[in-house]
Every structure is written in structure tokens, then in C-alpha cells.
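Structural overview
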Amino acid sequence: SAVISQKPSRDICQRGTSLTIQCQVDSQVTMMFWYRQQPGQSLTLIATANQGSEATYESGFVIDKFPISRPNLTFSTLTVSNMSPEDSSIYLCSVEGVPGLTNTGELFFGEGSRLTVL
Amino acid sequence: QKEVEQDPGPLSVPEGAIVSLNCTYSNSAFQYFMWYRQYSRKGPELLMYTYSSGNKEDGRFTAQVDKSSKYISLFIRDSQPSDSATYLCAMSERHGQNFVFGPGTRLSVLP
């Protein structure tokens, strides 16, 4: 599987500020995904990020609140903008596939970034 | 009705027990089924990936899919304290796309 590194692993933020989460993959991948995992709830897909195109957002998530960059095939960032306590969650980066084997359908995750908004 | 349902637990079993974890779903179009293990403060780790109905075995883990009942299971044999984690099921209609996750079942294996 791919090695997926996320930074920061955790942070405590003030209401109204923004935080950018970085995701680095050790191999080139076509599709990268950003998920949110709120306490006691399912993983919810925020958006799909493909290199060279705008991210595709799921219902309930908008680009102004969660801008995403995907400058190359190994890196992506998710920004959580104008944060409120409701944004306190774990944010997970994920990729589909196994290096050397495209389109395997398997989804792999980073360690997650745990955000607490005061 | 949620699209994927899973008993949140916690489920406590003694070491060595056989554990059965289950998910039910409502969308008959789901064809791809996955089980993830998530330790506290870690990202989900893929355990099993299956397509359509049937069984798949990998070491102490067996995944079972019954599409007619819209029911999937993960069995853990000879459970160990290191199996203590939250187990998430996930499924999708299309290969590699639009995964829907269950809320997870918290498992504790007591030594």
C-alpha cells in the first residue's frame, strides 16, 4: 500500500482562524480524497482531488470553506477556513489504489489530522 | 434509514474468542465491500476487500458478504488484545468510487 503522511497530526485552533492540512504520498496517485471523521460518526467524504483539475465537492461541503489544492500527483492540501467548534474533527487524506497497480479499488488512509476548535 | 448501519458497541470479548462484526445496508447496488481497522488516534487500515457475495479468508480474518440479505460480516478467530480497535465497514457501487462507511464497532479483547 502507499505510505500517506499528514501534517499536522493534531492542532488546537481558535474560532475564526484557518488551518491547512498537508498530505504527502510516497508514490504518484491519480485520485486523492479528503474525509472528515466526527466523534462517533462515519467517515464522510469532503471532496475528491485530481491533479490538474478543480476538486469535486460532496453535498454539504463548499470550496470557500474547504479549499483544496492538488499541485502534483503526490501532494494535496485541505484548508479548513473560518473555523468554528463544529469543525472539530479528524480530517483524513486517502488514496485509491496500490503503487504499481492502478485502479485496484482499495482505499488507503493517512494517520489523520485531529483538529480541536475552541 | 441510514445507508449503512453498524452496531457501535462497545463489544467486549475474552482473548481467544471468535468475534463477529456485522453491517447491514440498504442500497442493493453496492458491489464492493471493505473492512477497516482503526486504532485510537490512527487512520483506518484496510483489512479485507471483497467483491459481490461470498467469503474471503486472510489469516485469522474472514469476510462474508450476503447480498441477498444486504448483510456483511467480519469474523476474527482466536482474538487477541491487539485486535482491540474500532472496525469500520465500507462499500461502494463502483470500483474505487463513492465509498460509504458505517459508523464503526468498537471492539475490546480482554486478556
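Look a little higher up for the structure.
Here goes a summary of the coordinates provided.

What follows deals with the pairing of strand 11 (residues 113-117) of chain A. Residues and elements named next belong to chain A. Residues of strand 11 alternate between two faces, with Ser-113, Leu-115 and Val-117 buried on one and Arg-114 and Thr-116 left unburied on the opposite face. In this sheet, strand 11 lies alongside strand 2 (residues 10-13) in parallel orientation, the contact comprising 4 bridges. By the bridge assignment, Ile-12 is partnered in strand 11 with Thr-116. Sheet topology note: the strand 9 (residues 89-96)/strand 11 ladder contains 3 bridges and is antiparallel.

A few words on the state of the cysteines. Applying the stated criterion across every chain yields a total of 2 disulfides over all chains. The residue that forms a disulfide with Cys-23 of chain A is Cys-93 of chain A, at a sulfur-sulfur distance of 1.9 Å. Here the S-S torsion is close to -65 degrees, and the disulfide linking Cys-23 of chain A with Cys-93 of chain A is therefore left-handed. Here Cys-23 of chain A is found in strand 3 (residues 19-25), whereas its partner Cys-93 of chain A is found in strand 9, with 70 residues between them in sequence. Note on cysteine connectivity: Cys-23 of chain B is disulfide-linked to Cys-89 of chain B, with sulfurs 2.0 Å apart. Between Cys-23 of chain B and Cys-89 of chain B the disulfide shows an S-S torsion of about -105 degrees. By sign, it is left-handed. Taken together, the residues span a long stretch of sequence, with Cys-23 of chain B in strand 3 (residues 19-25) and Cys-89 of chain B in strand 9 (residues 85-92) at a distance of 66 residues.

Quick notes on the rules
Position numbers for residues count from 1 along each chain, tracking the sequence in the order it is written. A letter from A marks each chain and a number from 1 marks each ligand, given out in the order of writing. In keeping with the predicted nature of the model, local features appear solely for residues at pLDDT of at least 70, side-chain atom pairs appear and are counted solely at 80 or more, and the whole-chain, interface and lining totals rest on all residues. Remark: hydrogens and water are excluded; side-chain values derive from all non-hydrogen atoms of the structure. Only protein chains enter the area calculation, which uses a 1.4 Å probe; residues under 20% of their type maximum are buried, those over 50% are exposed, and those in between are partly exposed. In this description a helix means any DSSP run of H or I spanning at least four residues, a strand means any run of E spanning at least two, and both kinds are numbered starting from the N terminus. What makes two strands pair is DSSP finding at least two bridges between them. A pair of sulfur atoms, both from cysteines and within 2.5 Å, is called a disulfide here.

Nothing here speaks to function; it is all geometry.
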